[in-house]
Amino acid sequence: MKIFWTTILIGILGTATFVFIMDPGYRWHDAPVPFFRDLKEDEIRIFPTNFDERSIKVSHINFIEKPDVLLLGSSRMAPVSSIFFKKDLKIFNAGLSSASFEDYIAIWQDMKQLGKNPKKVIIFMDPWLFNSTANNKATGWHFIGKYVENFYSDHGYKGQEDSKGGFKGSGTKLSLKERTLKISRSAMKTPERLSRGFDLAFQIVSWPMVKQAVKIFIKNGISRDRMINLIINRTDFGPEDRGVAKDGATLYPLSERRAKTPSELRALVMDTFLNPNAFDEWHFDQEAKVKFDLLLNDISQSGTEVLMIAPPLHPLMTELLSHKINYVGLLNEVNETIRSQASKTPAVVFCDAENFEKVGCQESEMKDATHLLEGCISKVLRYCTQNTSWSKLL
Amino acid sequence: MLFNSFSFLLIFFPLVLGVSIRLRGLPLIRWITLASLIFYSYAGQRWFVIPMLFTTTLDFYLAQFMERVGHLHSKRRKTIMVFSLCGNLGLLFLFKYSGLFSETFQLLFHGSLKGLVALGLPAGISFYTFQTMSYMIDVFRGECVAEKSFWKFACFVSFFPHLIAGPLTRHNQLIPQLDRIEAEGVRPQWSSGVYLFAVGLTKKVLVADRIGNLVDPLILDMSKLTSLTGWLALIGYSMQIYFDFSGYSDMAIGLGRLFGIELPQNFNSPYKALNPSDFWRRWHITLSRWLKDYLYISLGGNRCGPLRKNLNLLITMALGGFWHGANWTFIGWGLFHGMILILYHQMQSTWDSFHKYIQRGVTFLLICFGWVFFRSPTFNDAYIWFKKLTFLDGVGANFLNSETLTLGAFCILGLIIVNFFKNASSENWSQVSDGRQFAWGVATLAALIFMNYSSKFLYYQF
């Protein structure tokens, strides 16, 4: 079996070296300036999934002018672009997939440090931002963790790093029972974290990376000056949207480009509900609440107005979730937390747009269980800004 | 956790096998069982372990109890058997079929069956319930003695290579081998285990998933199919499901061999079958045998006259189809196979008189038609797909694009492999030439590169 194993070993090492040299996602080398050029009206910027989108987004902030409006949110925020706003406004969309409060903090802190903090911020509030299980899984922010640490130290927030690398509240003494629970929970999560770590590490020899490295090699030799290729025509694809996970090569698989029929959409929603999702093992994350308070206060103290929007889910998802034990109660707790924080922080408004019908969205305006298509986004923005000073933005 | 994931290949499996090689006796069996439970708990949601442990515990103790009470045909034995069947089938109904029945009730009577809410489907539930059921039936029939060691029984049910998608392994196939490794320790068959796993990985990642990526968009909306794309999708799906499932089986058998355990063969070049009956001796062999031994024969088999035999066949195939998934289309698929089996039995002498390539071609086409039911979400979709296949809506000549051409190429490649290559599990993997070692090394390397964005196994959903 010598030849068999040698072939595999040499093949993996050779492929990894080649991908590292070509570095299609600029993971190991700095991205060139042209990538961050201003977009023309019909262009959009694509982030292939094999990119560390957080690092790219933070780098991007260096190259933009101070925006008028900053958009913070998860992948649900990603399709919100300047087309929804008045033409003369400068919009910066900092939507990041699987975002947690740490991501919002990092982006805000970076913009503040560079003096680019805008006068208005719109935040899409996903309910799972307050689900500790979902937050434990959202580890992407570690790539931009230094901004989070800066933010915490500015606020004298002594978060201590736990085994997961996340910050924990200061000075809370845990009982023996709590400590045991914490350790066992952490142990349960270890294989998942290891698995994610391995998948991430082995992305260097994954097909999307290899394919792009080969493409770039054929086109440009070993030059890395090709990021500009990733700015594409808006008519072909949705703005700042992404391909399916781990599918960086085909940014938009064929199935994503076709409009889904209502029954397909409902099947997709059912699938999301039945498979592990952000609503699983729902526990209210008290620590997230602390971080949320800190962020809102900081934004507010900078003289920036905030509009927080809770966008709708697909109605079938809402219905299915309503059967989950405690879900309705926890959702009310989340909304109450946001509402109460909004009411005590100056210049912060909360718009609950979770009621699909009230907003006026159609099922066909949903991309899947949680993501909105442009039609629904437009309605949500209109619903939340009507009769307020925010309507001037649209 | 999937077989085709780096965490499985680089952490889980080496760790479990490495420790297993050093252990002997009951600690070895306990270790494999615990590892299997951990594997299972990461195959989906953690609570999936609970129904499996329930089935394992229930049947272990019921079998013991059954052996202690009375003679073979005693009433108490029957009661225990019924109790076990209710437990197993009840679990299957609860997790797999309750949603379907609730939906159908709503559709038919516009009412709601409160309490019947579709729960998450624990991966492999159909496989392990059938395994424990076969064990219980054999104990009931007096064909085997009840297992005395709970750990060994739990290991038989949960042994991770076969847990999620088979092969459906009988207790008399696995428990004696567990006895052996308990006494002698694990003696891996390195060469055949590794190569068979590599073959399975290659089939899954390089063929099945690539075809799946091209077929899925085509049949997303059946009404948009043309006759030609309909045919292409049909052949493509036939290849996808074969390479996906047989790839998983090869991996499972390979992993078993690395533990020194021989799992039963599940595929024997099914598309080389000369007739529908031959197909079921080659496709998902372990399930076919299960259905024959525990359902068809229990219904009377072919001992009660031709009419009853045909009815038994239809019932067996319909229930076999329903085992695959909670959708009426699976019953449609089973009935379709039941009917072509009956048809074949009726005209066996005529059928067998044709040249074998004609027999093989016709059988392949019939099997492909069956996949229409299997793949379509509803009967209406199946009807549309069939309609497209008949060219009634025109040919649809403008189907040529890079995706359909690639799919066509994959279909041709798949047809060549299934028709002209030897079955992987019957190859001699203990002596592999340098050239073949290199070729399989390259194929495995390619599979590893593609693996990071591979999909789940189709049979995981069953």
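Residues numbered from 1 in each chain as written. Chains lettered and ligands numbered in written order. Predicted model: local features only at pLDDT ≥ 70, side-chain atom pairs only at ≥ 80, totals over all residues. Heavy atoms only, no water.

**Remarks on the overall build of chain B**
Phase 1: Counting its secondary structure elements, chain B contains 19 helices and 0 strands.
Phase 2: Here chain B, with 462 residues, has 60% of them falling under the buried criterion.
Phase 3: A total accessible area of about 18600 Å² is found for chain B, and carbon and sulfur atoms account for 66% of it. (Helix = DSSP H or I, 4+ residues; strand = E, 2+ residues; numbered from the N terminus. Buried < 20%, exposed > 50% of the residue type's maximum accessible area, 1.4 Å probe, protein only. Areas by Shrake-Rupley, 256 points an atom, 1.4 Å probe, with all protein chains shown as cover.)

**Things to note about the overall build of chain A**
Phase 1: Across its full length, chain A carries 14 helices and 9 strands.
Phase 2: The buried share of chain A, reckoned over its 394 residues, is 52%.
Phase 3: Long-range contacts, defined as pairs at least 24 residues apart, comprise 77% of the intrachain contacts of chain A with a sequence gap of at least 6.
Phase 4: Accessible surface, chain A: about 18100 Å² in total, of which carbon and sulfur atoms supply 56%. (Contact = heavy atoms within 4.5 Å.)

**Some thoughts on the state of the cysteines**
Among covalent bonds in proteins, the disulfide is the one between the sulfur atoms of two cysteines.
Phase 1: By the definition in use, this model includes 2 disulfides over all chains.
Phase 2: Here A:Cys351 engages in a disulfide with A:Cys384; their sulfurs sit 2.0 Å apart. Here the disulfide of A:Cys351 and A:Cys384 is left-handed, its torsion about the S-S bond being about -70°. Placement of the pair is A:Cys351 in strand E9 (residues 348-352) and A:Cys384 in helix H14 (residues 374-385), with a sequence separation of 33 residues.
Phase 3: Between the sulfur atoms of A:Cys361 and its disulfide mate A:Cys376 the distance is 2.1 Å. Every disulfide takes its handedness from the sign of the S-S torsion; for A:Cys361 and A:Cys376 that torsion is 90°, giving right-handed. Highlighted residues: A:Cys361 in the loop between helix H13 (356-359) and H14 and A:Cys376 in helix H14, separated in sequence by 15 residues.
Phase 4: Residue class for A:Cys361 comes out buried when judged on its relative accessible area of 7%.
Phase 5: Assessed through its relative accessible area of 0%, A:Cys376 is described here as buried.
Phase 6: You can see B:Cys411 has no disulfide; the closest cysteine sulfur is in B:Cys368, sitting 9.5 Å from it. (Disulfide = S-S within 2.5 Å.)

**Describing the pattern of salt bridges**
Phase 1: One pass over the full model with this rule turns up 21 salt bridges over all chains.
Phase 2: Close ionic contact of A:Glu365 with A:Lys379 constitutes a salt bridge, the shortest N to O distance being 2.9 Å. Taken as a pair, A:Glu365 in the loop between H13 and H14 and A:Lys379 in helix H14 lie far apart in primary sequence, 14 residues in all.
Phase 3: In this structure, B:Lys148 and B:Glu67 form a salt bridge, with 3.2 Å as the shortest nitrogen-oxygen distance. Of this pair, B:Lys148 sits in the loop between helix H5 (125-141) and helix H6 (150-158) while B:Glu67 sits in helix H3 (residues 49-68), and the two are 81 residues apart along the sequence.
Phase 4: Among the charged side chains, a network of salt bridges with common partners joins A:Glu336, A:Arg339 and A:Asp352. (Salt bridge = Lys/Arg side-chain N within 4 Å of Asp/Glu carboxyl O.)

**What about the nonpolar core?**
All names here are of chain B.
Phase 1: Among the nonpolar cores identified, the biggest contains 157 residues, and Tyr 40, Tyr 271, Trp 283 and Trp 371 are the most heavily contacted of them.
Phase 2: The dominant element in this core, judged by the number of residues it contributes, is helix H10 (residues 227-258), at 16 residues.
Phase 3: Of the domains in this structure, domain 1 (6-187) and domain 2 (191-461) are the two that each give at least three residues to this core.
Phase 4: With sequence-adjacent residues up to four places away left out, Tyr 271 is seen in contact with Ser 238, Met 239, Ile 241, Tyr 242, Phe 279, Trp 283, Arg 360, Phe 364, Ile 367, Trp 371, Val 418 and Asn 419. (Core = buried A, V, L, I, M, F, W, Y, C linked by side-chain atoms within 4.5 Å. Domains from an automatic or database assignment.)

**Re the pairing of strand E8 (residues 305-310) of chain A**
Residues and elements named next belong to chain A.
Phase 1: Most of E8 sits inside the fold, with 5 of its 6 residues counted as buried.
Phase 2: As paired strands, strand E4 (residues 120-124) and E8 are joined by 5 bridges and run parallel to one another. Each residue of the ladder has a partner; that of Ile 122, found in E8, is Leu 307.
Phase 3: Summarising the sheet, E8 and E9 pair through 5 bridges and their orientation is parallel. Residue Ala 310 lies in a different strand from E9, and its bridge partner there is Asp 352. (Pairing = 2+ DSSP bridges.)

Purely spatial values, then, with no claim about function.
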